[in-house]
Amino acid sequence: MLKHILALALKEFLALLRDPRSRFVLIGPPIMQLIIFGYAASFDLDHVPVAIYNQDSGAGGRALVSRIEGSPHFEVVSHLDHDAQIPPLVDNKEVLLVLHIGPRFSAHLSQGGATALQVILDGRNSNTALLALNYLRSIVLDYNQHLATNQGQTGPPVKLSMRAWYNEDLDSHWFIIPGIVGLLTLVVTLVVTALSVAREREQGTFDQLLVTPLRPTAILVGKSIPGLVIGIVEATFIIVVAMLWFDIPLRGHVGALYLGLLLFLFSAVGMGLMISAISVTQQQAVLGAFLFLVPAVILSGFATPIANMPEAVQLLTYLDPLRYFLVIVRGVFLEGDGYALLMDQYWPMAIIGMVSLVAAGWLFRHRMY
Amino acid sequence: MKTQRAARAMRFKGMIHKEWLQILRDPSSIAIAFLMPVVLLFLFGYGVSLDARSIPIGFVIDQPDSNSASFRASFDHSGFFAPRSFGSIQEAQQALAERRIDGIIWLRSNFSSSLLSGEDAPIAVRVNAVDANQARITQGYIQGAWLAWMNQYAARHGRDLPMPIALEQRVWFNAALISRHYLVPGLVAIIMTLTGSLLTAMVVAREWERGTMEALMVTPLNMQEMLIGKLIPYFLLGMGGMLFTVALAVWQFEVPFRGSFLALLGASALFMLVALALGLLISIVSKNQFVAGQIAIIVTFLPAFILSGFIFDIHSMPQAIQVVTLAVPARYLVSILQSLFLAGDVWPVYWANMGAMAILLVMLTVVVRKKAYKRLD
Amino acid sequence: MNDPALILRDVRKRFSNGDKEILALDGVSIEVKPGSVTGLIGPDGAGKTTLMRLCCGLLQLDGGALEVLGMDAANEPAAVQAVIGYMPQRFGLYEDLSVQENLDLYADLQGVPLSAREARYARLMQMTGLAPFTRRLAGKLSGGMKQKLGLACALVRPPALLLLDEPTVGVDPVSRRELWQIVYSQVQEAGMSVLLSTAYLDEAERCDEVVLLHQGKVLGQAPPAAFSQEMQGRTWEVSSERVPVRRLQTTLARQPGIIDAIINGDRVHIITAPDFPPEAINLLPDTADLQIRAVPPRFEDAFIDRLGDTEDAIQATPEIRQVEKRETGGQPIEVENLERHFGSFIAVKKISFSVKQGEIFGLLGANGAGKTTTFRMLCGLLPVSSGKVSVAGHDLRSASARARGRIGYMAQKFSLYGNLTVTQNLRFFSAAYNLHGQAQKQRIHWALEGFELEPYADTNAGTLPLGYKQRLAFAAALMHEPEILFLDEPTSGVDPLARREFWARTNALAEAGVTVLVTTHFMEEADYCDHLVIMAEGTVLAAGTPHEIRAMARTLDHPEPSMEDAFITLIQQQEGGK
């Protein structure tokens, strides 16, 4: 039995690595995606184009403008001198926000009174708008406190001392890049395993396998091994790149991470083999993998939080192995988690893996024609 | 001359009819053209949201009194939070580590006394920032609730809030900042990429793979006729998928549509042509369904997802990646669509993006014509 | 109008595969006479398809000139394509369109005026017998009907030159005869010229002229009779009352001076070397009743004679261990009232037969007769609907792994791992059959040597020439020395030389006591079987020894029917009976 499994696994590896197309699938997409996701996928704002319509000639307005110009988040691209210039700028997406400082801004301030500062935002991308607004708010708040102290006032009665844990600089990459470990490993493992049986069916070699003394369990295990090994290798590669190239700290227990990875791959292999057992042709397998992958990624919390989803959709995410692994990989990388804290993520993946592998085994035997 | 034209019309009709029948009989084309849009729309319409709500947050109040109660009440009423109380900071920190809450607000025992004495009364806020974007949004909401409470407090005590500048925000186009309103229009571009490039690449590759291309080539049909005849049904299918998606977006997801319908048709038609040309090129290069599918996903689908500005802001990407996005046709359509839906007909945006797509189309057509010849070698 | 329809002068075509350059056609010069049928004959990989594609303007010439109906195919491919009809090897049918829709498509593309269509369709339908199936999807037609539809599509606008690339591959004898009738009716009615490639040598004799192609070179162009003429005085039939015909064939094949020996009915057909007198004493001195008579040469004889020289004629037969006689329990293979339904369709209807040890048992039938379904049930690849199957005393569907270790299986399509090398394939299959260490090494060595695969040991199985692929698949099925061997269409698409080799090995296996169950649609191969069953529409049409089955078709006009005659007679009888 053990020798059978070894022979099968060896054959699977050879079949995968000797075929230029499969090699491409293993190497091409992961590197592409690592680059794209690593650099392009970020919610952080940089150099948001801003226009300033400053009707005020006093020092107050100037001071505020220089604070905005000094912020790395904003880039003042134009100064307006007329109301009518605002709509085309915003409409044409030349600026994301326009700051309108009224004519009596400094005057009001020096009199110790209150004044309004108007900001116009392009809300077409609501997330960008919201973040830009938050940046602006902090600048204004800061300026307010500065003014208050200058005027000898005590400032607001209550101060917030904000601290961001685990990701002190609020860098999105710290969130996205560990996520890529899960995403890419899922894609590669799923495609490798989903195609493995379908390819043999299409080429007729599956019949040849079934008439040998190999047991279905041996076939199942033999076909799982390459997915597992390749998954571990790719994941390790991405983890190393994340640590050395993208400088993401790995704060937790590596063992806890790899235990999670193993269970995650186990469930991914199970899903892949299930898709493979259902499909007759490679095209169907690719389509099936695609139909599983897209929702699995979107509902995993990879880019958008699960907590924001409606109740019913949140329930659905419990079926998604990636959901659990993302918590593990981020937990170990950033939060420094160990085994105990991740227990609740481990066992659901083990169950998904078991159920899908048993289902795949059943389908093997009952879909032989 | 006349008979030649009649023969050409007949060949066209034959090709289009054949493609149409094949589309109708192939469940996978129907799945990609109509099932995928529905799945994606519902996933994005319902599943994906950047709008935080009911953020679980832990309150640690060392000495409960009326001030701390009113502070907490401002969080209860904000609608963004689901506050929970913890007896001690240790318990709350444990809960934060276990991801049961996303943040802690800690009012120390000296909160009220400092407040009354007019000293600084600091509130410690800890946010789990693993997801930086959400952390930033949470921080913004906390700040909002805090400001609201201070205003209330100041008013109640007849004091002036030392906040000389009040930020008066006006958000255009999407006043409530609902993320669905910007995600769903962009999704139209993704769906059209699926039909235009992925499906077309697979279908043309299938003709090579099954050997039917060889039989077609030995008919009087010339290459242009064959390609155009083949693409018209997919063009219509893609446009149908687009209209279907837009209809769902407007009626099911209640995304406003403020532009003109003709502008929408024009932009999506041009984009569809670019996507078809890309699909065609992929199929000619790969001549095999498996490879065509892989290339189409990597070259068209993924970039449309990530590099088009559909979710991630192009402006904030590194310069090199921004240059790469110039070659992603979906970025132009996403930009047009977000304007058409939320802002209306913004002609400078519209024509600039249309121009870019037109340039891409011309370049692709030149390459396709060079690569597509009626020979097998 | 007596100019040749097709002229090739010194045509060359190269393909580069990675860094290797392959000369597919090397200075080919042929002519196709107008209003005649020219056959293009050659083994697998001779360059037949390349030549066809060049004629259609689908490939560029690397040298020489090619003229189709007075036009230069290289410079005016569009003009050429407007007047020719072409049926590619993988008939260019859309399987998801119906028969009528396929015809309409090609009529549109070929510019057949609407007014002319009705009459043309009616004529084509009448010729092909597809009229009752116009609404059926092409993918749901049987292989023979698909080919007829492909031909109809190529003929929808009567072309001046018709090019057919292996139109009869995998088609049963009845459909093959019909295809030929259609081709000839077109030649006679419309004066069409036809160039047709085929791997069936008996079809060569139906052509007006034959071009023999081998390794990209023309070995000759002449009427088929001219080819056989050269063989005059070298072809004989040998028979003996006492020696079984198969053993006779095996013995004769090993004799020096005999170039070829094949079974033909109850006799062995031989070709002798020139100047080799075929007298009993020269052939088999110890067989007293050996009868030898001269027979007129056939085209196949000429083919084998010419190609046998160019190829390595002596084939090694691997050493085979004698299978012990099994004392216990019934026959190695027993089938009783076997049935299989697919939905409401009954693919196999209550069939019964049994196979004795050391026997070659043939399962014959047209496409769709239920052979493959039966075969798959025997191997345990398909569950049985009702009835009983027993292979070596087990139902393989539920049998233990050990029972499966006693059978060998070779699938219809080449089904080894194409991107693994020959050695890697052998190593994997031997391991799957529980061979390890020294035993495994020995067996792999045996396979590489016995099947002459050594030069290809490190080649990817997928890139082997077809004949070698078949050898490899055969070797893989024999790694564990099975007692029972299942061979599904082992010779489909394989050229005559490789087929001879295959049968020589199978005979040797049977001699050693291995039980062989084989399916085939080459009727002449049925003569190699000890027993056979002819299936049609899921039932057993006839069963018995080849001799008995041929006897069923014996009439006064036809005292010595071939197996193909018998098959057609039986099918016609059955259809008449309905």
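Residues numbered from 1 in each chain as written. Chains lettered and ligands numbered in written order. Predicted model: local features only at pLDDT ≥ 70, side-chain atom pairs only at ≥ 80, totals over all residues. Heavy atoms only, no water.

1. A short note on the interface of chain B and chain A
Part 1 of the argument: With 98 residues of chain B at the contact, the number on the chain A side is 106 residues.
Part 2 of the argument: Where chain B meets chain A, there are three salt bridges.
Part 3 of the argument: Note that Arg99 of chain B and Asp337 of chain A form a salt bridge whose closest N and O atoms lie 2.7 Å from each other.
Part 4 of the argument: Linking chain B to chain A there are 21 residue pairs in polar contact (both at pLDDT 80 or more).
Part 5 of the argument: Residue classes in the side of chain B that touches chain A are distributed as 64 nonpolar, 22 polar and 12 charged.
Part 6 of the argument: With eight bridges joining them, strand S4 (residues 115-122) of chain A and strand S5 (residues 165-172) of chain B adopt parallel strand pairing. Opposite Ile120 of chain A, over in S5 of chain B, you have Arg170 of chain B as the bridge partner. (Contact = heavy atoms within 4.5 Å. Salt bridge = Lys/Arg side-chain N within 4 Å of Asp/Glu carboxyl O. Polar contact = N/O pair within 3.5 Å; in protein donor to acceptor, adjacent residues only side chain to side chain. Nonpolar A, V, L, I, M, F, W, Y, C, P; charged D, E, K, R; others polar. Pairing = 2+ DSSP bridges. Helix = DSSP H or I, 4+ residues; strand = E, 2+ residues; numbered from the N terminus.)

2. Overview of the packing of helix H3 (residues 59-70) of chain A against helix H6 (residues 126-150) of chain A
All names here are of chain A.
Part 1 of the argument: One way to put it is that H3 packs onto H6 with a least axis distance of 10 Å and a crossing angle of 135 degrees. One element, H3, and the other, H6, form an angle in the oblique class. With respect to the hand of their crossing, H3 and H6 are arranged in right-handed fashion. Each of Gly60, Ala63, Leu64, Arg67 and Ile68 in H3 lies in contact with H6, whose residues at this interface are Leu136, Ile139, Asp142, Tyr143 and His146.
Part 2 of the argument: The residue makeup of the contact of H3 with H6, split by class, is six nonpolar, two polar and two charged. (Axes fitted to C-alpha atoms, helices over the stretch in contact; angles between N-to-C directions. Parallel < 35°, antiparallel > 145°, perpendicular 65-115°, else oblique. Left-handed = near helix turned anticlockwise from the far one by under 90°.)

3. Brief notes about the nonpolar core
In globular proteins that are soluble, nonpolar side chains generally tend to be buried together.
Part 1 of the argument: Grouped together as the largest cluster of nonpolar side chains are 272 residues, with contacts concentrated most on Phe44 of chain B together with Leu51 of chain C.
Part 2 of the argument: Excluding its chain neighbours within four sequence positions, the residues that come into contact with Phe44 of chain B are Ile298 of chain A together with Leu187, Phe305, Phe310 and Ile311 of chain B.
Part 3 of the argument: Within the second largest apolar cluster, 107 residues are counted, among which are Leu220 of chain A together with Ala399, Ile407 and Met479 of chain C. (Core = buried A, V, L, I, M, F, W, Y, C linked by side-chain atoms within 4.5 Å. Buried < 20%, exposed > 50% of the residue type's maximum accessible area, 1.4 Å probe, protein only.)

4. Some details on the sheet that holds strand S22 (residues 531-536) of chain C
Residue and element names in this part refer to chain C.
Part 1 of the argument: Reading across from one edge, S19-S20-S21-S17-S22-S23 is the order of the six strands in this open sheet, with mixed pairing throughout. Looking at the sheet topology across the chains shown, the edges are occupied by strand S19 (407-410) and strand S23 (539-544). Ignoring strand direction, the axes of neighbouring strands in this sheet form an average angle of 15 degrees.
Part 2 of the argument: Of the strand pairs in this sheet, S22 and S23 are connected by five bridges, and their pairing is antiparallel. Of the residues in S23, the one forming a bridge with Ala536 is Thr539.
Part 3 of the argument: In the packing of helix H16 (residues 466-478) onto the sheet, contacts are made with S19 and strand S20 (484-488), and the angle to S19 comes to roughly 165 degrees.

5. A short note on unusual backbone geometry
Residues and elements named next belong to chain C.
Part 1 of the argument: Despite not being glycine, Leu69 shows a phi value in the positive range, around 50 degrees.
Part 2 of the argument: For Leu69, the location among the structural elements is in the loop between strand S4 (63-68) and strand S5 (71-72).
Part 3 of the argument: In this structure, Glu537 is a non-glycine residue whose phi angle is positive, near 50 degrees.
Part 4 of the argument: By secondary structure assignment, the location of Glu537 is in the loop between S22 and S23.
Part 5 of the argument: On the accessibility criterion, Glu537 (42% relative accessible area) is partly exposed.

6. Details of the domain arrangement of chain C
Residue and element names in this part refer to chain C.
Part 1 of the argument: Partitioning chain C into domains gives domain 1 (6-225) and domain 2 (230-310).
Part 2 of the argument: Using C-alpha coordinates to define each centre, domain 1 is positioned 36 Å away from domain 2.
Part 3 of the argument: Residue-level contacts link 12 residues of domain 1 with seven residues of domain 2.
Part 4 of the argument: If you sort the residues of domain 1 by the area they bury against domain 2, Leu201, Leu212 and Leu219 come out on top, with a joint share of 52%.
Part 5 of the argument: Where domain 1 meets domain 2, there are zero salt bridges.
Part 6 of the argument: In this assembly, domain 1 and domain 2 are joined by one residue pair in polar contact (both at pLDDT 80 or more).
Part 7 of the argument: Taken together, the residues of the side of domain 1 that touches domain 2 break down into eight nonpolar, three polar and one charged. (Domains from an automatic or database assignment. Buried area = accessible area lost by both parts, 1.4 Å probe.)

7. Points about the interface of chain A and chain C
Part 1 of the argument: With 26 residues of chain A at the contact, the number on the chain C side is 32 residues.
Part 2 of the argument: Overall, the association of chain A and chain C removes approximately 2,700 Å² of surface from exposure, summing both partners, and the carbon and sulfur fraction of that is 60%.
Part 3 of the argument: Run the count over chain A and chain C and you get one salt bridge.
Part 4 of the argument: Between Arg376 of chain C and Asp207 of chain A there is a salt bridge, with its nearest N and O atoms 2.5 Å apart.
Part 5 of the argument: Only helix H1 (2-18), helix H7 (172-203) and helix H8 (205-210) of chain A provide two or more residues apiece to the side of chain A that touches chain C.

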